[in-house]
Amino acid sequence: MRIGIVCYPTFGGSGVVATELGKSLAEKGHRIHFITYSQPVRLDYFSENISYHEVSIAKYPLFDYIPYETALTSKLVDVARFEGLDILHVHYAIPHASVAYMAKQILASHGIHLPVVTTLHGTDITLVGKDSSYEPVVTFAINQSDGVTAVSDSLRRDTYENFKISKEIEVIHNFIDLRRFSKKAKDHFRKAIAPNGERLVVHTSNFRKVKRVQDVVHVFNKLKDKVPSKLLLIGDGPERHNIEQLCRELNLWDDIRFLGKQEMIEEVLSIGDLFIMPSETESFGLAALEAMACQVPVISSNSGGMPELNVQGVTGYMSNVGDVDDMAKNAVSILESDEVLKKFKAQALVRAKEFDIEVIRPRYEKYYEKVIEHSLSLTR
Ligand code: GMT
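Bear in mind the structure is a predicted one, so any value in this text is a computation, not a measurement. (Residues numbered from 1 in each chain as written. Predicted model: local features only at pLDDT ≥ 70, side-chain atom pairs only at ≥ 80, totals over all residues. Heavy atoms only, no water.)

Colleague: Any chance you could explain the environment of proline 40 here in plain terms?
Modeller: With respect to the helices and strands, proline 40 occurs in the loop between β2 (31-36) and β3 (50-54). As a C-alpha pair, proline 40 and glycine 22 span 18 residues in sequence and 11 Å in three-dimensional space. With residues near it in sequence (within four places) discarded, proline 40 still touches Pro9, Thr19, Phe34 and Tyr52. (Helix = DSSP H or I, 4+ residues; strand = E, 2+ residues; numbered from the N terminus. Contact = heavy atoms within 4.5 Å.)

In structure tokens form, the structure reads like this:
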């Protein structure tokens, strides 16, 4: 198939899923066209089946706001016409679903039929999308998509609750490439960070409010009194300054390292003993799956789709949002014994394997085929 993929090219989960899916589809012989405003961060190698089309935006002094949607629509029309796309897969509803609808209409005026699949990722529904400033467009664009997928049952439910959706939403969970995400021998790195054999606790996120990074710090503060530990905070974002302040106030500076954005995240995860994801809401929690694939058990909140990934008492533990005492208690119970920790690590990996890209990618391929066939039958 010739597949167009639109996504945010950043470190965010939706962009990672879109890029990894495209790479995997390309390996299977599909022709993949990424269309976005900069090269996706995970698009880090060359493949004869992958093309990247950059959306160039003509600036003009009149524009206080750059009309990115218009430029993206034009690029989509151009790529679909000249590359002969069979299907367009857009990730994250805002603004990609409505842009895809517009492109589809323009192509139709040229006699070209382009089926569109929209994948909902989380905050496009649970946080931003339902705001009245976006809701009518999001509802319309989802209903106009030829196919709609959500990354968890929880997100599917949230979408039906928050929007008037007439379309059937297919759940296709997030996935992991176990060839890349596996435990690597990085003992020298571990010794440098934890020279006295301390446990290593890890958190990765975009440091937005929804991630509740302050809870990570509070859990760590309680944990380290019981089990000697160090904390690695990976990523960057708007809350980082506040979190740094909190670490200073709690006198934790010597035990916490801020590593910033990391491309080889699997190398850092490889030395981790515990991953903390206390998010206010999380449609799936891809970062937790990446940790589990590297044999790191997870302490998380029980919000959104987390229960679809983290198995209570098996791959880690879940607590109510904000219950840092419970999270700390659970963290201690995993980390205080070598034996228990070893068991949780092994179980985390077993669970991660259920989300292997080799299991999930064929579901997207089948779904594309179904959508193409159904949408073509409607044009006949
Ligand atoms: O978590 C973020 O802020 C990034 C966001 C995104 O869309 O880039 O992640 C969402 O999509 C990921 C991939 O499907 C999911 O694993 C995350 O759980 C989801 N984030 C939230 O729901 C907060």
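Colleague: For this particular structure, what's the right way to read the site of the ligand?
Modeller: Taken together, 19 residues surround the ligand, and among them Ser14, His121, Asn206, Lys211 and Glu282 come closest. Histidine 121 places a polar side-chain atom, nitrogen or oxygen, 2.7 Å from an oxygen atom of the ligand. Between the ligand and the protein, one listed contact pairs an oxygen atom with a side-chain N or O atom of lysine 211 at 2.6 Å. For the ligand, the accessible surface in isolation is 480 Å², of which the surrounding protein chains cover 95%. Here the ligand occupies the largest pocket. At 3 residues, the largest contribution of residues to the shell around the ligand is made by helix α1 (residues 13-27). (Near = heavy atom within 4 Å. Polar contact = N/O pair within 3.5 Å; in protein donor to acceptor, adjacent residues only side chain to side chain. Areas by Shrake-Rupley, 256 points an atom, 1.4 Å probe, with all protein chains shown as cover. 1 Å grid on protein atoms, 1.4 Å probe; cavity = no way out; pocket = protein on both sides within 12 Å on 5 of 7 lines; lining within 4 Å. Sits in = over half its atoms within 2 Å of the grid points.)

Colleague: What should I look at first to understand the domain arrangement of the chain in this one?
Modeller: The extent of an interface is frequently quoted as the accessible surface area lost upon association of the parts. According to the domain assignment, the chain consists of domain 1 (2-175 + 357-379) and domain 2 (187-353). Taking the mean C-alpha position of each, domain 1 and domain 2 sit 31 Å from one another. Each partner contributes to the interface: domain 1 provides 17 residues, whereas domain 2 provides 14 residues. Taken together, the links from domain 1 to domain 2 amount to 1 salt bridge. For arginine 42, the salt bridge goes to glutamate 290, with nearest N and O atoms at 3.0 Å. Here the residues of the side of domain 1 that touches domain 2 sort into 7 nonpolar, 8 polar and 2 charged. (Domains from an automatic or database assignment. Salt bridge = Lys/Arg side-chain N within 4 Å of Asp/Glu carboxyl O. Nonpolar A, V, L, I, M, F, W, Y, C, P; charged D, E, K, R; others polar.)

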